[in-house]
Amino acid sequence: KKLAVQDGAILPARCIKTNQDVTPGENGRLKRIKLNWTNPWWILLILLPIGILIYIIVALSTQKKGSITISLSSEAMKRKRVWLISLFSLAFVIPALLFGLRIDSAELIGFAVFGSILLLIAGLFTIRYLTPVKYIDGWFLIRGVHKEFLNDLASGKIWRDGAIAADHRSEH
């Protein structure tokens, strides 16, 4: 399941990652997040000569933008902070150790630097709380929401405004 939301939606006072009730300032906070979606097929433009430039222009001119307000528990924020600190620390510690140990193997140093760059790129992709996977008629279909949060939304147990739980089979 994924969550379908409209631009400007305010999700219930439950953490989207842990499904815990959230009281802003007490055990979590409200956060307005931006949603950006570009058709993934545009990436094929990179195969053309000067394709990266063409892709950037097309992606920026066709992307769909929106924002929603979510609730995050203190636990979810702490988990994300620990994950990012670990990732970025590894990205800088590994090459620093190799240089500090005065290892002269160019292949090993190149591998470590390449691995560090991959870790930094992974950090950039995981920094988002939610990921839009589709845009249909003013609705963003997003993944990354706790399963029980989606189930409670679908059953009507929690209040919703501009948000519905969408079964992934119905998006085809």
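Residues numbered from 1 in each chain as written. Predicted model: local features only at pLDDT ≥ 70, side-chain atom pairs only at ≥ 80, totals over all residues. Heavy atoms only, no water.

1. Structural notes on the packing of aromatic side chains
- Throughout the structure, instances matching the rule amount to one aromatic pair.
- For the pair Tyr135 and Phe140, a centre-to-centre distance of 4.9 Å together with 65° between the ring planes defines the contact as edge-to-face.
- You can call Phe140 buried: its relative accessible area is 1%. (Phe/Tyr/Trp six-rings, centres within 6.5 Å; stacked < 30°, edge-to-face > 60°. Buried < 20%, exposed > 50% of the residue type's maximum accessible area, 1.4 Å probe, protein only.)

2. Digging into a nonpolar patch on the surface
- There is a patch of nonpolar side chains on the surface, built from Trp41, Ile43, Leu44, Ile46, Leu47, Ile52, Ile56 and Leu60 and spanning about 870 Å² of accessible area.
- Along the chain, the position of Ile52 falls in helix α1 (residues 51–62). (Patch = residues over 30% accessible without salt bridge, like charges linked within 9 Å, V, L, I, M, F, W, Y side chains within 5 Å. Areas by Shrake-Rupley, 256 points an atom, 1.4 Å probe, with all protein chains shown as cover. Salt bridge = Lys/Arg side-chain N within 4 Å of Asp/Glu carboxyl O. Helix = DSSP H or I, 4+ residues; strand = E, 2+ residues; numbered from the N terminus.)

3. A word on the sheet that holds strand β3 (residues 28–37)
- The strand order across the open sheet built from three strands is β2-β4-β3, with neighbouring strands paired in mixed fashion. With partners counted over all chains shown, the strands left at the sheet margins are β2 (10–15) and β3, one partner each. Strand-to-strand twist in this sheet, taken as the mean axis angle between neighbours without regard to direction, amounts to 25°.
- In this sheet, strand β4 (residues 64–73) lies alongside β3 in antiparallel orientation, the contact comprising 10 bridges. (Pairing = 2+ DSSP bridges. Axes fitted to C-alpha atoms, helices over the stretch in contact; angles between N-to-C directions.)

4. Some details on the nonpolar core
- Core analysis: the biggest nonpolar cluster contains 23 residues, and Val5, Ile16, Ile68, Ile70 and Leu130 have the highest contact counts within it.
- Of all elements in the fold, only β1 (2–6), β2, β3, β4, α2 (74–100), β6 (139–143) and α4 (147–155) reach the threshold of two or more residues within this core.
- Once residues lying within four places of it in the same chain are set aside, the contact partners of Ile16 are Leu11, Ile70, Ser71, Leu72, Tyr129, Leu130, Gly144, Val145, His146 and Phe149. (Core = buried A, V, L, I, M, F, W, Y, C linked by side-chain atoms within 4.5 Å. Contact = heavy atoms within 4.5 Å.)

5. Observations regarding α4
- Those residues of α4 not exposed but buried are Phe149, Leu150, Asp152 and Leu153. In a view along the axis of α4, the buried residues occupy a sector of 165°, so they form one face of it.
- Following α4 by one or two positions, Gly156 has its phi on the positive side, about 85°. (Arc of directions from axis to C-beta.)

6. Some details on the pairing of strand β5 (residues 131–136)
- Where β5 lies against β6, five bridges are found, and the strand directions are antiparallel. Note that in β6 the partner of Pro132 across the bridge is Ile142.
- The turn joining β5 and β6, which pair antiparallel and follow one another in sequence, is formed by two residues; a positive phi near 45° is taken by Asp137.

7. Observations regarding α1
- A rise of 1.5 Å per residue sets the reference length of α1, with its 12 residues, at 16 Å; its end C-alpha atoms lie 16 Å apart and thus fit the reference within 8%.
- Looking at α1, one finds that the buried residues are Gly51, Val58 and Ala59. Looking straight down α1, one finds that the buried residues subtend no more than 100° of arc, so they occupy a single side. Of the exposed residues in α1, the ones pointing more than 90 degrees away from its buried face are Leu53, Ile57, Leu60 and Ser61. (Expected span 1.5 Å × (residues − 1).)

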